[in-house]
Amino acid sequence: MIDPRYSLAGVLVGLVVGLTGVGGGSLMTPLLVLVFGVAPTTAVGTDLLYAAATKTVGTTVHGWRGTVDWRVVLRLAIGSVPATIVTLFALGASNKAHTGHTISVVLGAVLILSAITALFRPRIVAFLTPRVGPVGREHPMILTVLLGAVLGVMVSLTSVGAGALGMTALLILYPTLPVNKLVGSDIAHAVPLTLLAGTGHWLLGSVDGAMLVSLLCGSIPGIIVGSLISSRVSDRLLSPILATVLLLVGVKLLF
């Protein structure tokens, strides 16, 4: 059965994603936990498969337009796939009560980092690029693999991190690549990452299928509408508001 409450949440999150490009996990997972009282493990597992479905559409569009650098995607996947598998095994072997608490704490910390990144991305990129940027062929490859591993752990635990944090790191590591190719590569990498992590959570029993369908029924039209009207809404207004919301939610989850 379709639950209209979750579909409405999907519409709202879809609108924001379409308007700002911010990953749905940054909003959907805390919304499910704090507003609907869903267990953190179930919220993360369901949101991962939700993200895999929505990002597949985005990857198809970017691939068709030629705005995916598959070299970057491969490097990220080399790090993220093993890290995701190890994290899932660790979750399966851990105490479920402790797992829920750990996910809430890590989710809160990642949301705060995402909020800071959303507010100060240009300054962060300008400061770190000359200090961390590529100095040779092997340099960006190794750091990209390490970035993939970090994202694999974060996304498997919280379903958050591949968007704001991952994109900022790619801007630092690949300053000469067009931004649209970095965006497309980030989205393309998120598909196998969220699908693998979501499948792992499903095997662990932490995915609510009915909730997933309800969310998708709302979010897909929400993303379409948000994308269509995005050019009419000022990003300067939306970004600070969204970052403030993420910051407050992150603090709430931590304390």
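Quantities reported herein were computed from a predicted structural model and do not represent experimental measurements.

Rules used throughout
- Residues numbered from 1 in each chain as written.
- Predicted model: local features only at pLDDT ≥ 70, side-chain atom pairs only at ≥ 80, totals over all residues.
- Heavy atoms only, no water.
- Salt bridge = Lys/Arg side-chain N within 4 Å of Asp/Glu carboxyl O.
- Buried < 20%, exposed > 50% of the residue type's maximum accessible area, 1.4 Å probe, protein only.
- Phe/Tyr/Trp six-rings, centres within 6.5 Å; stacked < 30°, edge-to-face > 60°.
- Lys NZ or Arg CZ within 6 Å of the ring centre and 35° of its normal.
- Helix = DSSP H or I, 4+ residues; strand = E, 2+ residues; numbered from the N terminus.
- Contact = heavy atoms within 4.5 Å.
- Patch = residues over 30% accessible without salt bridge, like charges linked within 9 Å, V, L, I, M, F, W, Y side chains within 5 Å.
- Areas by Shrake-Rupley, 256 points an atom, 1.4 Å probe, with all protein chains shown as cover.
- Expected span 1.5 Å × (residues − 1).
- Core = buried A, V, L, I, M, F, W, Y, C linked by side-chain atoms within 4.5 Å.
- Polar contact = N/O pair within 3.5 Å; in protein donor to acceptor, adjacent residues only side chain to side chain.
- pLDDT = per-residue confidence, 0-100.

**Regarding the pattern of salt bridges**
Scanning all chains against the criterion turns up 2 salt bridges. With a closest N to O distance of 3.4 Å, aspartate 69 and arginine 71 form a salt bridge. Exposure remark for arginine 71: the relative accessible area of 42% places this residue in the partly exposed category.

**Quick notes on the packing of aromatic side chains**
Using the criterion set out here, one finds 1 aromatic pair in the structure. Positioned above the aromatic ring of tyrosine 6, the side-chain terminus of arginine 5 is 5.3 Å from the ring centre.

**What about the environment of lysine 181?**
Topologically, lysine 181 is positioned in helix α8 (residues 179-203). Take lysine 181: its relative accessible area is 28%, and that puts it in the partly exposed class. Between the alpha carbons of lysine 181 and glycine 66 there is a distance of 8.0 Å; along the sequence they are 115 residues apart. The residues touching lysine 181, leaving out its near neighbours within four places in the chain, are Gly66, Thr67, Val68 and Asp69.

**Looking at a nonpolar patch on the surface**
On the surface, Val81, Ile85 and Phe89 cluster together into a nonpolar patch covering about 280 Å² of accessible area. Mapped onto the fold, isoleucine 85 is located in helix α4 (residues 70-93).

**Here we look at α8**
Since the α-helix packs 3.6 residues into each turn, any two residues three or four apart lie on the same face. With 25 residues, α8 extends 36 Å from end C-alpha to end C-alpha; this agrees with the ideal 36 Å at 1.5 Å per step. Looking one or two residues past α8, glycine 205 carries a phi angle of roughly 85 degrees, positive in sign.

**Structural notes on the nonpolar core**
Among the nonpolar cores identified, the biggest contains 47 residues, and Leu32, Leu111, Leu147, Leu170, Tyr174, Leu182 and Leu215 are the most heavily contacted of them. Here this core takes 7 residues from helix α7 (residues 164-173), the largest share from any one element.

**Re α7**
The buried count for α7 comes to 9 of 10 residues, which makes it a mostly enclosed element. Taken together, the buried positions of α7 are occupied by Leu165, Gly166, Met167, Thr168, Ala169, Leu170, Leu171, Ile172 and Leu173.

**Notes on unusual backbone geometry**
The backbone of serine 159 sits at a positive phi, close to 70 degrees, despite the residue not being glycine. Checked against the element boundaries, serine 159 lands in the loop between α6 (138-158) and α7.

**A closer look at the side chain of threonine 84**
Following the sequence through the fold, threonine 84 ends up in helix α4. Look at threonine 84 and you get buried, because its relative accessible area is 0%. A distance of 2.7 Å separates a polar atom in the side chain of threonine 84 from the backbone oxygen of serine 80.

**What about the side chain of threonine 158?**
Mapped onto the secondary structure, threonine 158 falls in helix α6. Overall, the relative accessible area of 0% leaves threonine 158 in the buried class. Among the polar contacts listed, one links the side chain of threonine 158 to the backbone oxygen of methionine 154, at a separation of 2.7 Å. Sequence-distant contacts of threonine 158, defined by excluding residues within four places in its chain, comprise Thr29, Val44, Ile103, Val106 and Leu107.

**A word on the confidence of the model for the chain**
Per-residue confidence for the chain averages 83 on the pLDDT scale, and 88% of its residues sit at or above 70. When mean pLDDT is compared element by element in the chain, α4 scores highest at 94, while helix α10 (residues 235-254) scores lowest at 78.

**Focus: the environment of leucine 204**
Relative to the assigned elements, leucine 204 resides in the loop between α8 and α9 (209-229). On the basis of relative accessibility, which here comes to 34%, the residue leucine 204 falls in the partly exposed class. Placed 116 residues apart in sequence, leucine 204 and leucine 88 show a C-alpha to C-alpha distance of 8.6 Å. Beyond its immediate chain neighbours, meaning those up to four positions away, leucine 204 contacts Leu88, Leu91, Gly92 and Lys96.

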